[in-house]
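# Tertiary structure, described
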Amino acid sequence: MSDKETVSRREWLQQSVAAAAGGAALLAQTGTAFGQPPAERTRRRFKAWISRGDGPGRTTLHEATLRPIGGRQVVVRTEATNLCYSNVPAVLGQMSPTAPAPSALAAPNGTRRMADLAVIQGHGGIGVVEAVGPEVRRVQVGDRVCVSGTPQCGPCYRCLRGRSDMCQFLSAIGADDLVPIADLDDGTPVYENSHIGGLAEVMVTFEEWVVPIFTRLPAADVGMACSCVAVAGLGATTAHALMAIEPASSVAVVGCGPLGLSAIQGARIAGASTIIGIDPVAARRAVALEVGATHVLDPNVEGANLVQRVRALTSWPTDRLWAGGRNPAGRRPGAGADYVIEAAGLEQAVPKVERGPDPTGLLPMQQAYQMCALGGHLITTSIIRGDMVLPGNLFTIGGVTHHGGQAGGCSPMRDIPRFVELLEKGQFDAKRLATTVVPLERMLEAYEEVAYRTTITAIMTV
Ligand SMILES: [Zn+2]
Ligand SMILES: [Zn+2]
């Protein structure tokens, strides 16, 4: 740096300070250069579904008063949120002996019991930023955002290794980690599931959980495409953290709920040529065919032959060993799917439609492993109950690569804008999945439809 430059910078600084009425304005400017204007102090009133206690009827509608925010906090006015099946016990209470009790839903890593707190359930949604803390950089007031079920902080060990689906912030969502964001009229502090909530007119979160999205599409459609289930299904098939699907490959999707149906769409978008949807519910198999499945199978009809049926459907024109056959030496009839997406999971409630063969989700998981091609890839996404048993030698030398992860291995800041683009361009069909759309006041009845599987999934709009 030359003397001339040094002098001129000093002069410029002196002039600026003088022009800025004692320097206060300059200070303010410097202070926000990498952040935002100071936090909005608000006593905003808002409606929220509050869950607490152990039994049914644990979720009721209240008015609450927002606390002031600071630091990296972001206030989002909710536009839409998905009523996720995994949250059924937390919202409706335990509905099945195989489902976890509400109090068991968060890591018991401290002194408080989650079920004793007044908690806004849900884990994410979409909306518009109303206020930001002074340290927030990622979003501005007025931005439309996805409040992602999975955070992405950026500099943690797992984010740096390309596994934002396992971001360290997910380790801090237990009862003792939550911070109150509002108060009920009787003074009870209000918390949010995973620092995000969703079943309320506002979500207060930290910037690690928000992803700016630039779209003007209707809230229900965007809420579906940005939901935890769509993100997991599209992530499991197209995100590079796990195993993105190759064109012209064969794919089996075990479970055609909203996550599996998103995976079927992801497989179609990725260019898979054989896509097999497997689900006991006839209505779900019908939607699977509409959104991209080339074949569907009913596990109750196939029974013990399910794995063999998938191997047969994924067979190749030749089995000849030296001619590209996929069944070398004919010892294992049928090829098996190049990619298997497991999206079945345990029953959170006894369905009022066709029931699958195993309420714990273990059998579909085992079958998913076994229907995978030798050298193929198994991507697992669901919540099951119990421990897995697999044929030992298939596991050790069968060549199946298992990819487990949160949210289908999705990296929120990289992948969610892609998924919004898929919606914008008509490649992802949100309407076939969001078969129930209700206003906030009718959230509970829509959640029962989700619990009983009488709808594909439900979106609450505000
Ligand atoms: Zn979810
Ligand atoms: Zn991280």
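It should be noted that the structure appears before, not after, this text.
Residues numbered from 1 in each chain as written. Chains lettered and ligands numbered in written order. Predicted model: local features only at pLDDT ≥ 70, side-chain atom pairs only at ≥ 80, totals over all residues. Heavy atoms only, no water.

### Re the overall build of the protein chain
Basically, it comes down to this: Helix numbers and strand numbers start at the N terminus; a helix is a DSSP run of H or I with at least 4 residues, a strand a run of E with at least 2. Burial classification: accessible surface area is computed with a 1.4 Å probe over protein chains only, and a residue below 20% of its type maximum counts as buried, one above 50% as exposed, and the rest as partly exposed. Using the Shrake-Rupley algorithm and a 1.4 Å probe, accessible areas are obtained, with residue cover drawn only from the displayed protein chains.
The helix and strand tally for the protein chain stands at 14 helices and 18 strands. Taken over 462 residues, the protein chain has a buried fraction of 55%. Of the roughly 19,700 Å² of accessible surface on the protein chain, 54% is carried by carbon and sulfur atoms.

### Considerations on the coordination of the zinc ion (ligand 1)
Heads up, the rule is: The donor set comprises N, O and S atoms within 2.8 Å of the metal, extended to 3.2 Å for Na, K and Ca; water molecules are omitted, so apparent gaps in a site may simply reflect that omission.
Looking at the zinc ion (ligand 1), the protein donor atoms are Cys84 (SG), His123 (NE2) and Cys228 (SG), and they sit 2.0 to 2.3 Å from it. Sequence positions of the residues that donate to the zinc ion (ligand 1) give the spacing C-x38-H-x104-C. Here His123 lies in the loop between strand 4 (118–120) and strand 5 (125–132) and Cys84 lies in the loop between strand 3 (73–82) and helix 3 (88–92), a separation of 39 residues in the sequence. By relative accessible area, which is 8% here, Cys84 ends up buried. The class of His123 is buried, set by a relative accessible area of 18%.

### Description of helix 13 (residues 412–424)
Our working definition: In this scheme, a helix's expected span is set at 1.5 Å multiplied by one less than its residue total. Directions from the helix axis toward the C-beta atoms define the arc. Residue contacts are counted whenever heavy atoms from the two residues lie within 4.5 Å of one another.
The first and last C-alpha atoms of helix 13 sit 18 Å apart over 13 residues, in line with the 18 Å expected at 1.5 Å per residue. Where helix 13 is concerned, the buried positions are Pro412, Asp415, Ile416, Phe419, Val420, Leu422 and Leu423. Along the axis of helix 13, the buried residues cluster in a sector spanning 155°; they form a single face. Each element contacted by the buried residues of helix 13 is listed here: strand 6 (144–147), strand 10 (210–212), helix 5 (219–225), helix 6 (228–238) and helix 7 (258–270). Looking one or two residues beyond helix 13, the residue adopting positive phi is Gly426, at roughly 75°.

### Thoughts on the sheet that holds strand 7 (residues 182–184)
Convention followed: At least two bridges found by DSSP between two strands are what make those strands a pair. For helices, the fitted axis covers only the stretch in contact; all axes are lines through C-alpha atoms, and the angles between them, taken along N-to-C directions, range from 0 to 180 degrees.
Overall, mixed pairing links the five strands, which are arranged 1-2-7-8-4 in a closed barrel. Each neighbouring strand pair of the sheet contributes to a mean axis angle of 50°, computed without reference to strand direction. Looking at chain direction, strand 2 (residues 59–66) and strand 7 are connected through three bridges and run antiparallel. Across the sheet, Leu66 pairs through a bridge with Ala182, a residue of strand 7.

### Overview of the sheet that holds strand 13 (residues 295–297)
Across the sheet, six strands lie side by side as 13-12-11-14-15-16; this open sheet has parallel pairing. Of all strands in the sheet, those with a lone pairing partner are strand 13 and strand 16 (401–404), marking the two edges. Going from strand to strand, the sheet's axes swing by 15° on average, the running direction of each strand aside. Bridge count for strand 14 (residues 337–342) against strand 15 (residues 372–380) is five bridges, and the pairing is parallel. From the neighbouring strand, Ala337 faces strand 15, where its bridge partner is Cys372.

### Some points on the coordination of the zinc ion (ligand 2)
Our working definition: Geometry assignment treats four donors as tetrahedral when all angles are between 85 and 135 degrees, treats four as square planar and six as octahedral when opposite donors are over 155 degrees apart and all others between 65 and 115, and treats everything else as irregular.
Around the zinc ion (ligand 2), the protein contributes the donor atoms Cys153 (SG), Cys156 (SG), Cys159 (SG) and Cys167 (SG), at 2.3 to 2.4 Å from the metal centre. Note that the zinc ion (ligand 2) binds four donor atoms; their angles at the metal cover 103 to 120°, and the shape is tetrahedral.

### Here we look at the pairing of strand 18 (residues 457–461)
Most of strand 18 sits inside the fold, with four of its five residues counted as buried. Bridge analysis of strand 3 against strand 18 gives three bridges, and the strand direction is antiparallel. Its bridge partner being in strand 18, Ala80 is matched across the sheet by Thr461. Direction of pairing for strand 17 (residues 434–439) relative to strand 18: parallel, over a ladder of five bridges.

### Quick notes on the packing of helix 7 against helix 8 (residues 282–291)
To characterise two packed helices, one gives the angle between the axes of the helices and the distance between these axes. Applicable threshold: Each angle gets one of four labels, with under 35 degrees taken as roughly parallel, over 145 as roughly antiparallel, 65 to 115 as roughly perpendicular, and the rest as oblique. Crossing handedness is read from the near helix: turned anticlockwise from the far helix by less than a right angle, it gives a left-handed crossing, and turned clockwise, a right-handed one. When residue character is reported, Ala, Val, Leu, Ile, Met, Phe, Trp, Tyr, Cys and Pro are called nonpolar, Asp, Glu, Lys and Arg charged, and the others, Gly included, polar.
Between helix 7 and helix 8, whose axes approach to 9 Å, the crossing angle comes to 20°. Of the possible angle classes, the one that applies to helix 7 and helix 8 is roughly parallel. Classified by chirality, the crossing of helix 8 by helix 7 is right-handed. In this structure, helix 7 uses Leu261, Ile264, Gln265 and Arg268 to contact helix 8, whose residues at the interface are Arg284, Val287, Ala288 and Val291. Looking at side-chain class alone, the contact of helix 7 with helix 8 contains five nonpolar, one polar and two charged residues.

### Quick look at the nonpolar core
Keep this limit in mind: In these notes, a set of buried Ala, Val, Leu, Ile, Met, Phe, Trp, Tyr and Cys residues joined through side-chain atoms within 4.5 Å is what counts as a nonpolar core.
In this structure, Leu261, Ile264, Ile416 and Phe428 are the most contacted members of the largest nonpolar core, which totals 51 residues. Residue assignment for this core shows that the elements contributing at least two residues are helix 5, helix 6, strand 11 (250–254), helix 7, helix 8, strand 14 and helix 13. The contact partners of Ile264, leaving out residues within four places of it in the chain, are Val253, Cys256, Ile275, Gly277, Ala288, Val291, Gly292 and Ala293. Core analysis: the second largest hydrophobic core is formed by 35 residues, Trp49, Met443, Ala446 and Ala458 among them.

### A short note on empty space enclosed by the protein
To locate leftover empty space, one rolls a probe as large as a water molecule over the atoms. Inclusion rule: Put plainly, a pocket is an open set of points on a 1 Å grid over the protein atoms alone with protein on both sides within 12 Å along at least five of seven lines, a cavity is a set where a 1.4 Å probe fits but cannot get out, and a lining residue has an atom within 4 Å of a point. Grid points are joined across faces, edges and corners, and a volume is the space filled by probe spheres set on the points.
Going through the model one piece at a time under the given rule, you end up with one cavity of 30 Å³ or more. Taken as a whole, the largest cavity holds about 50 Å³ of empty space. Lining the largest cavity we find Gln73, Leu178, Val179, Ile181, Glu192, His195, Val204, Thr205 and Phe206. Examining the composition of the lining of the largest cavity, we find that three residues originate from one element, strand 9 (residues 202–206), more than from any other. Residue classes in the lining of the largest cavity are distributed as five nonpolar, three polar and one charged.

### Describing the packing of aromatic side chains
For clarity, the cut-off: When the centres of two rings from Phe, Tyr and Trp lie within 6.5 Å, Trp using its six-membered ring, the rings pair. Their planes under 30 degrees apart give stacked, over 60 give edge-to-face, and anything left gives tilted.
A complete count under the given rule lists two aromatic pairs for this structure. With a centroid separation of 5.8 Å and 85° between ring planes, the pair formed by Phe169 and Trp209 is classed as edge-to-face. You can see Phe169 sitting in the loop between helix 4 (157–160) and strand 7 and its partner Trp209 sitting in the loop between strand 9 and strand 10, a full 40 residues away along the chain. Like Trp209, Phe169 is buried. Here Tyr369 and Phe395 contribute two aromatic rings whose centre-to-centre distance is 6.2 Å and whose plane-to-plane angle is 35°, an arrangement assigned as tilted. In this pair, Tyr369 is assigned in helix 11 (residues 362–370) and Phe395 in helix 12 (residues 392–397), connecting sequence segments 26 residues apart. Relative accessible area serves as the criterion here: at 52%, Phe395 is assigned to the exposed category.

Function cannot be inferred from these measures alone, as they are strictly geometric.
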